[in-house]
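Summary of the model geometry
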Amino acid sequence: EAGVVQSPRYKIIEKKQPVAFWCNPISGHNTLYWYLQNLGQGPELLIRYENEEAVDDSQLPKDRFSAERLKGVDSTLKIQPAELGDSAVYLCASSLEGQWSDEQFFGPGTRLTVL
Amino acid sequence: GIQVEQSPPDLILQEGANSTLRCNFSDSVNNLQWFHQNPWGQLINLFYIPSGTKQNGRLSATTVATERYSLLYISSSQTTDSGVYFCAVERNQGAQKLVFGQGTRLTINP
């Protein structure tokens with residue numbers, strides 16, 4: 001079974017430029033998450049989708065960040081414009097919300113460097 | 001929100017040694033996961049263990065939900081065990097999201 005796929009793995013951009021990250025969850029997983037991981041810290045949730053609906057985006061900086069999950073499968077996270085402080089690893093995770101388990105599985109992440 | 005504390009923050013051991021990593025949390029949880037983040041940044045699922053005890057090879061974990069802590073045991077450590085170990089929990093009520101601890105950085109020397 002394929003895991004969570006993310007691309008690109010690495011991205012270097014100059015400040016004020018736009019950037020987008022893509023995520024393909026595990027097949028059949030209805031819930032998708034985007035997390036932000038700063039150096040030396042644990043991941044923190046940015047947004048959670050149940051199918052196509054963003055059910056928790058309270059931690060997403062909406063002035064510059066946006067996300068979408070069309071058709072309830074793949075998802076894209078966008079930053080426009082990027083700032084120096086956005087340099088971090090962006091992780092996508094998915095889970096099959098059900099009665100017995102809501103275990104989350106993570107992709108390899110996209111490491112963003114803003115110059 | 002829920003607080004997650006991991007200890008120790010750093011652990012340096014020789015190959016073959018055993019170790020115990022601890023995770024304390026401040027509220028009732030319905031999800032607790034242990035992850036190993038390897039040097040390439042990939043978070044690898046070790047255990048899904050909101051309660052009870054599980055074992056997988058040299059690794060085992062125990063969660064005592066009533067006392068709000070979990071332990072991860074690593075026996076006969078290998079250099080490939082090096083990396084950061086994260087505990088993450090999801091509260092029983094409220095926002096359905098994993099809240100991560102700060103991690104334990106484990107270094108296994110040959």
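For the structure, see preceding data.
Residues numbered from 1 in each chain as written. Chains lettered and ligands numbered in written order. Predicted model: local features only at pLDDT ≥ 70, side-chain atom pairs only at ≥ 80, totals over all residues. Heavy atoms only, no water.

**Things to note about the sheet that holds strand β3 (residues 19–24) of chain A**
All names here are of chain A. Here we have four strands laid out as an open sheet, ordered β1-β3-β8-β7, and antiparallel in their pairing. Of all strands in the sheet, those with a lone pairing partner are β1 (5–7) and β7 (65–68), marking the two edges. Direction aside, the axes of adjacent strands within the sheet are offset by 15° on average. Across five bridges, β3 lies against strand β8 (residues 75–79) in antiparallel orientation. Bridge pairing in β8 places Val 19 opposite Ile 79. (Pairing = 2+ DSSP bridges. Helix = DSSP H or I, 4+ residues; strand = E, 2+ residues; numbered from the N terminus. Axes fitted to C-alpha atoms, helices over the stretch in contact; angles between N-to-C directions.)

**Details of the interface of chain A and chain B**
Opposite the 24 residues of chain A that make contact, chain B presents 20 residues. Here chain A and chain B share an interface that buries about 1,700 Å² over both sides, 42% of which is from carbon and sulfur atoms. In this assembly, chain A and chain B are joined by nine residue pairs in polar contact (both at pLDDT 80 or more). Of all the secondary structure elements, the ones that give two or more residues to the side of chain A that touches chain B are β4 (31–37), β5 (44–50) and β10 (105–106) of chain A. Here the residues of the side of chain A that touches chain B are counted per class, giving nine nonpolar, eight polar and seven charged. (Contact = heavy atoms within 4.5 Å. Buried area = accessible area lost by both parts, 1.4 Å probe. Polar contact = N/O pair within 3.5 Å; in protein donor to acceptor, adjacent residues only side chain to side chain. Nonpolar A, V, L, I, M, F, W, Y, C, P; charged D, E, K, R; others polar.)

**Comments concerning the pattern of salt bridges**
Evaluated as defined, the whole model comprises six salt bridges over all chains. A salt bridge links Lys 62 of chain A to Asp 57 of chain A, with the shortest nitrogen-to-oxygen separation between them at 3.8 Å. Taking relative accessible area as the criterion, Asp 57 of chain A reaches 29% and is therefore assigned partly exposed. In this structure, Arg 91 of chain B and Asp 27 of chain B form a salt bridge, with 3.3 Å as the shortest nitrogen-oxygen distance. With Arg 91 of chain B in strand β9 (residues 83–91) and Asp 27 of chain B in the loop between β3 (19–25) and β4 (29–37), this pair connects stretches of sequence that are 64 residues apart. (Salt bridge = Lys/Arg side-chain N within 4 Å of Asp/Glu carboxyl O. Buried < 20%, exposed > 50% of the residue type's maximum accessible area, 1.4 Å probe, protein only.)

**Details of the sheet that holds strand β7 (residues 59–64) of chain B**
Residues and elements named next belong to chain B. Strand order in the open sheet formed by five strands is β1-β3-β8-β7-β6, with antiparallel pairing between adjacent strands. Strands at the two margins of the open sheet, each flanked by one partner only, are β1 (4–7) and β6 (52–56). Shown here is a sheet whose adjacent strand axes are inclined to one another by a mean of 15°, direction ignored. Here six bridges tie β7 to strand β8 (residues 69–74), and the two strands are oriented antiparallel to one another. Within the sheet, the bridge partner assigned to Leu 59 lies in β8 and is Ile 74.

No statement about biological role is implied by the geometric values presented.
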